[in-house]
Amino acid sequence: MGCNVGLMPQKIKLTLVARDGFEVPISEGYQLYSALLGVMKESDPDAAGRTHDSPISSISLGPLDGRFLASKRDRHKCLVAGGRYKMDVGITDPREAEIFRAIISPLVLKERNLRLEKGELMVEELSSSSESFEDLISSSGGFKEPCLDFWFRSAACIQYRNTKITEMFPHREAVFFSLLSKWNGICPDELKMSMEKDDMSRYMIEKPLAYETRSAVVNTVFDKKKGHARPIMKQGFVGRCQYTFARDAPEGLKNGIVALSRFAEYSGIGSAVARGCGAVKVGIGESK
């Protein structure tokens, strides 16, 4: 799918305040997604519908970053009353301006809270930033020996091709082919990249620094037999991994991978990024 050259992947940074102390799941992304979708429906039902129905995720949600208390309930945590929590929202849909307005208008102009299952989060601060695909590419060529430091903040759920099997390790081919697919799915036709999986494996090196497997709730369905809702889970990994290049890696491959790394903070990695999976922070520097 092509798009206008002016497409600008955007990131919204939110500072939220918990009005009361309340409980959320360890993988809170699904509740945050439902709350954000509810906000969007008030402002622009069409944009909300596209976001919900799109086969390519229009937005990516980061986890809540702040202080939590332990919960007596399994796989849950408690927000602190009056506590401040940071959250990022990435927008990569070709009609990102409409989605941006549908989020910003109710939260800022109407002072609408994010309503989760057990409580509400009030917006205290909001800021946004954006980069064009051209900017992401042009700023990626200044590294001689790039070192890419990925912090996988929520479960990265990368499905193997068209199967239900999920990657459980931050393998270079899985991570960067996922990003390449997201990039080529929305960028202008003239900026699409062609990279072979074999080249990613041949010329790149991954070095996990801290990593563990993780499950995340991405949806719920009503179980008729049991008479109550049950969670739909996805499996993946979290942690930190550095990616570097072999000495004979082609310059074009290195530049392309650096651009994809910059894009990762907007798009997320793997599936269910709108529901809080695959959130990542990326540091880019020179190999030592």
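Worth saying up front: this structure is predicted, and the values here are computed from it rather than measured.

**Q** Teacher, can you tell me more about the sheet that holds strand β10 (residues 204–223) here?
**A** What holds strands together in a sheet is hydrogen bonding between their backbones, with the strands either parallel or antiparallel. One open sheet holds the four strands; their spatial order is β10-β11-β9-β12, and the pairing between them is antiparallel. The sheet is open, and its two borders are formed by β10 and β12 (280–286), each paired with just one other strand. Neighbour-to-neighbour, the strand axes of the sheet open up by a mean angle of 10°, direction not taken into account. Bridge count for strand β9 (residues 146–156) against β12 is seven bridges, and the pairing is antiparallel. Opposite Leu148, over in β12, you have Ile284 as the bridge partner. Along the sheet face, helix α5 (residues 172–186) touches β9, β10 and β11 (228–245) and points at about 85° away from the line of β9.

**Q** What exactly am I supposed to notice about the sheet that holds strand β5 (residues 76–79) here?
**A** Strand order in the open sheet made by the three strands is β2-β5-β4, with antiparallel pairing throughout. Whereas interior strands pair on both sides, the edge strands pair on one side only; in this sheet they are β2 (23–25) and β4 (68–70). Adjacent strand axes in the sheet meet at a mean angle of 45°, parallel and antiparallel pairs treated alike.

**Q** Hey, could you run me through helix α1 (residues 29–43) in this one?
**A** Two residues of an α-helix separated by three or four positions point the same way, owing to the 3.6 residues in each turn. Taking 1.5 Å as the rise per residue, α1 with 15 residues should run 21 Å; its terminal C-alpha atoms sit 21 Å apart, in good agreement. Residues Gly29, Tyr30, Gln31, Leu32, Tyr33, Ala35, Leu36, Leu37, Val39 and Met40 constitute the buried set of α1.

Reading guide: rules and limits
Each chain has its residues counted from 1, following the order in which its sequence is written. Side-chain atom pairs in this predicted model are given and counted only at pLDDT of 80 or more, local residue features only at pLDDT of at least 70, and totals for whole chains, interfaces and linings cover all residues. In computing side-chain properties, one takes all heavy atoms of the structure into account and sets aside hydrogens as well as water. Two strands make a pair as long as DSSP finds a minimum of two bridges between them. Only DSSP runs of H or I reaching four residues or more are called helices, and only runs of E reaching two or more are called strands; each is numbered from the N terminus. Working convention: axes come from line fits to C-alpha atoms, limited for helices to the stretch in contact. Angles between N-to-C directions cover 0 to 180 degrees. In this analysis, two residues are considered to be in contact whenever any of their non-hydrogen atoms come within 4.5 Å of each other. In a helix, the anticipated span is given by 1.5 Å times the number of residues less one. Relative accessible area decides the class of each residue, using a 1.4 Å probe on protein chains only: under 20% of the type maximum gives buried, over 50% gives exposed, and in between gives partly exposed.

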